[in-house]
Structure formats: C-alpha cells, structure tokens
Amino acid sequence: MKKAFYIIAAAFSIFMTFGLTSCHDSIFETIENEIALDKSGLRGSIGSIVEYGGWLYVTPMNKGVLYRKSATARSKGGWNKISAPKTPVAIALSGSTLYMLSVDWDEGSGDYEGYNVPTYFEYTSTDGTNWTYINNKYGYTEDSSNLPARYKNQHCSVTAGNGKSYSIPSSYSTSVITTPNGSQNLDEGYIFAITATYDTVIVGTTTGIYSYKIQSNGSLTDKSTHVGDLEKDASSTFTRDVPVVYVPNDSRTRSETDAVIYAYNSPLGSSGTQNEGLMAYFPGSGWNRDH
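In this text the structure is predicted, and so the values were computed from the model without any measurement. (Residues numbered from 1 in each chain as written. Predicted model: local features only at pLDDT ≥ 70, side-chain atom pairs only at ≥ 80, totals over all residues. Heavy atoms only, no water.)

Undergrad: Can you walk me through the overall build of the chain in this structure?
TA: Along its length, the chain carries two helices and 20 strands. Among the 291 residues that make up the chain, the fraction classed as buried is 54%. (Helix = DSSP H or I, 4+ residues; strand = E, 2+ residues; numbered from the N terminus. Buried < 20%, exposed > 50% of the residue type's maximum accessible area, 1.4 Å probe, protein only.)

Undergrad: Is there a simple way to explain the sheet that holds strand β19 (residues 277-282) in this structure?
TA: Taken together, four strands build an open sheet; the order of strands is β17-β18-β19-β20 and the sheet is antiparallel. Whereas interior strands pair on both sides, the edge strands pair on one side only; in this sheet they are β17 (244-246) and β20 (286-289). Sheet twist, expressed as the mean angle between neighbouring strand axes with direction ignored, is 20°. Sheet topology places β19 next to β20; four bridges connect them, and they run antiparallel. Directly across from Tyr-281, in β20, lies its bridge partner Trp-287. (Pairing = 2+ DSSP bridges. Axes fitted to C-alpha atoms, helices over the stretch in contact; angles between N-to-C directions.)

Undergrad: Mind showing me how you'd approach the sheet that holds strand β4 (residues 80-83) here?
TA: For sheets, the rule is that strands pair by backbone hydrogen bonds, running either parallel or antiparallel. If you trace the four strands from one edge of the open sheet to the other, you get β1-β2-β3-β4, paired in antiparallel fashion. The two strands at the open ends of the sheet, each matched to only one other strand, are β1 (49-52) and β4. Each neighbouring strand pair of the sheet contributes to a mean axis angle of 35°, computed without reference to strand direction. Pairing between strand β3 (residues 65-70) and β4: four bridges, direction antiparallel.

Undergrad: I'm lost on the confidence of the model for the chain in this one. Help?
TA: A residue-level look at the chain finds 83% of positions with pLDDT of 70 or above and a mean pLDDT of 84. Taken together, the stretch residues 1-18 has pLDDT below 50 and engages in 56 contacts with residues farther than four places along the chain or on a different chain. Every residue in residues 25-34 scores below 50 in pLDDT, and together they form 22 contacts with partners more than four places removed in sequence or on other chains. (pLDDT = per-residue confidence, 0-100. Contact = heavy atoms within 4.5 Å.)

Undergrad: Explain the pattern of salt bridges here, please?
TA: Oppositely charged side chains can form a pair if their charged atoms are brought close together. Enumeration over the complete set of coordinates arrives at eight salt bridges. For Asp-229, the salt bridge goes to Lys-232, with nearest N and O atoms at 4.0 Å. Residue Arg-254 is joined to Asp-250 by a salt bridge in which the shortest nitrogen-to-oxygen separation is 3.6 Å. Among the ionic contacts, a cluster of salt bridges with common partners joins Arg-74, Asp-250, Arg-254 and Asp-258. (Salt bridge = Lys/Arg side-chain N within 4 Å of Asp/Glu carboxyl O.)

Undergrad: Mind showing me how you'd approach the pairing of strand β12 (residues 182-185) here?
TA: A regular strand places its side chains on the two faces of the sheet in alternate fashion. Where strand β11 (residues 176-179) and β12 come together, four bridges link them in antiparallel fashion. Along β12, the bridge assignment pairs Ile-177 with Gln-184. The antiparallel hairpin formed by β11 and β12 contains two residues in its connecting segment.

Undergrad: Would you mind showing me how to read the packing of aromatic side chains here?
TA: Given two aromatic rings, one states the distance between the centres and the angle between the planes to describe the pair. As enumerated under the stated definition, the model contains seven aromatic pairs in all. With a centroid separation of 5.0 Å and 80° between ring planes, the pair formed by Phe-238 and Trp-287 is classed as edge-to-face. On the criterion of sequence distance, the pair formed by Phe-238 in the loop between β16 (220-224) and β17 and Trp-287 in strand β20 is long-range, its members being 49 residues apart. Phe-238 gets classed as buried once you look at its relative accessible area, which sits at 2%. Put simply, the rings of Trp-79, Tyr-262 and Phe-282 touch in pairs and so form one group of aromatic residues. Over the ring of Phe-121 we find Lys-86, and its NZ or CZ is 4.5 Å from the ring centre. (Phe/Tyr/Trp six-rings, centres within 6.5 Å; stacked < 30°, edge-to-face > 60°. Lys NZ or Arg CZ within 6 Å of the ring centre and 35° of its normal.)

Undergrad: Please explain the environment of Thr-174 as it appears in this structure.
TA: Assignment of secondary structure puts Thr-174 in the loop between β10 (165-167) and β11. Looking at Thr-174, its side chain comes within polar contact range of the main-chain nitrogen of Val-176, at 2.9 Å. (Polar contact = N/O pair within 3.5 Å; in protein donor to acceptor, adjacent residues only side chain to side chain.)

Undergrad: Got a minute to help me understand the side chain of Ser-102 in this structure?
TA: One can find Ser-102 in strand β6 (residues 97-107). A polar side-chain atom of Ser-102 sits 3.0 Å from the main-chain carbonyl oxygen of Pro-85. Residues within four places of Ser-102 in sequence aside, it is in contact with Pro-85, Lys-86, Thr-87, Pro-88, Val-89, Thr-119, Tyr-120, Phe-121 and Tyr-123.

Undergrad: What's the story with the pairing of strand β15 (residues 208-214) in this structure? I'm lost.
TA: For β15, a buried count of six out of seven residues is recorded, marking the element as mostly surrounded by other parts of the structure. Across six bridges, the pairing between strand β14 (residues 200-205) and β15 is antiparallel. Counted as the bridge partner of Val-203 is Tyr-210 from β15. Between β14 and β15, which pair antiparallel and follow one another directly, the connecting turn spans two residues. Where β15 meets β16, three bridges bridge the pair, whose relative direction is antiparallel.

Next up, the structure:
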C-alpha cells in the first residue's frame, strides 16, 4: 500500500512514535480562564531541547531555522532565529559538539512512489551558529533504526539538584523509572522524557506532565499535576502526549515553584494542532506558550 509522508506527519511520526528525541478539543479551557494564551508562541513539532554554551536550542521544524534563547532567562520570550541548513528536526549534544539532523524531501519510489519521503542530513557545530555537513546521510526507514543513537538518548536521564540521578530507556516503552532506590513504576502511561529540579522529578508521558517529590532514599512519591505552579493544575494544559520536558541547569538547584520548566505540548489529532507548541512555566507567571 502506498503511504504518504508529508513534512509534519513524517517527522512527527518518526520522532514521537519511535522515541528518537525522547526516551519515547478544549485543552486550554482552564488556562484560558486564568491566563491569556499567547497566540504568537513557538509553534510546530518540537523535536528536542538542548542546552549548550549558555543557550537553549529548539528545533520547531521551520524550514531553514532553529531557535535559541538564554538558558538563564526567567521570563517569557527571547527566542531568536538561527539560520540552519534544510529543515532541522532534532538536535543533540555529544561532548563539546552539537549535532543536528535536518531533512530534505524527495519523491519516493516503490511503495512510496508519488509521495514525499524524507532524507536526513547530519551537521555539527562548535559555536551553535555555524553548521558543517559531516557527510552523514540517512534514508527513510519505518523503524528509524538507521539514525544515530545520540538523538534517541536525549531527555532520558537527569541528575537532580540534590545529586540524585534518574533514568529511563531510550524509547518510550515503559512506565518504569530507575531511581537511586531501584526501579519504580510510575503507573502513568509510557514515559517520554524526564527532567528535575532540586527536590522533584518531572516526567512527560503519554497521559500528560507530572512531578514527583524526591525522598531521602531517592524514591519518588506524591505525584502532582500542579507542575511548577502549586495553585494551578497543569493537567488542563497538558492533556495527552508530552514528549519533551526540560529544566535548564540553572534551575535544577531551585525548588519546583522557583524553577523554569519547558515542555512540548503535542497536538491531539488534526483538531488539536492549534494547541501545539512550546510551553513554559516561569515563577510568578504560570504556564503559557513561550515565544
């Protein structure tokens, strides 16, 4: 059977279904009653968030650009466009080098004849603004097994500000997290990604975003949907897949309410694309789209 692969559907399927950048119609009713939803926020399928050289980098699948913002920023806004080759879909950090995966689109053949299919090109950067093609090109495969592992291991482990470490596999196929006190089943759908503050672990899952209190032995308790903001429930904002969550290093030594938290809100079907985008929690202002 012939299959159509358009730019949003293909990249979203690859990076979300196979966990490439993660370890795997009234969405905003409540938040819109409390905080005006920023219509100018960063939109598109956010494949990854990487912190490098004092900057945060995101890849919202806009052709020829990625965005970066100061990693210590504690208020909304401040993302700036950075020129990039082709259409960036994922970014990863390995040592002191940034790697970026970008796609171009060609007419397919065989089962894909007459439809657009992606070809992936890999680039590196040592300054975050200039990119060099490293002669790595990857064709499309349905299980994405031919793509570099570095993109599959983003957001799969974290060290909290108190020094305790937590991890999940590099594909969203489990609800179990490895803690300093052993394996623990969070019983909340599959876990896509984890991050942490000083005393909490925050997870993005197939059912939303949650925070857990870190106990003295490293185990996690007191699941909460009041992520960051203890007065407002984040479950009205994040109702389904949250494939990316990230707390910048500067905020990992802070309490949950004083930390900065970023999360990608995945669309819920074709009618949910208007709610897609990069969300952020800033102390004193609550969750909203960042721009």
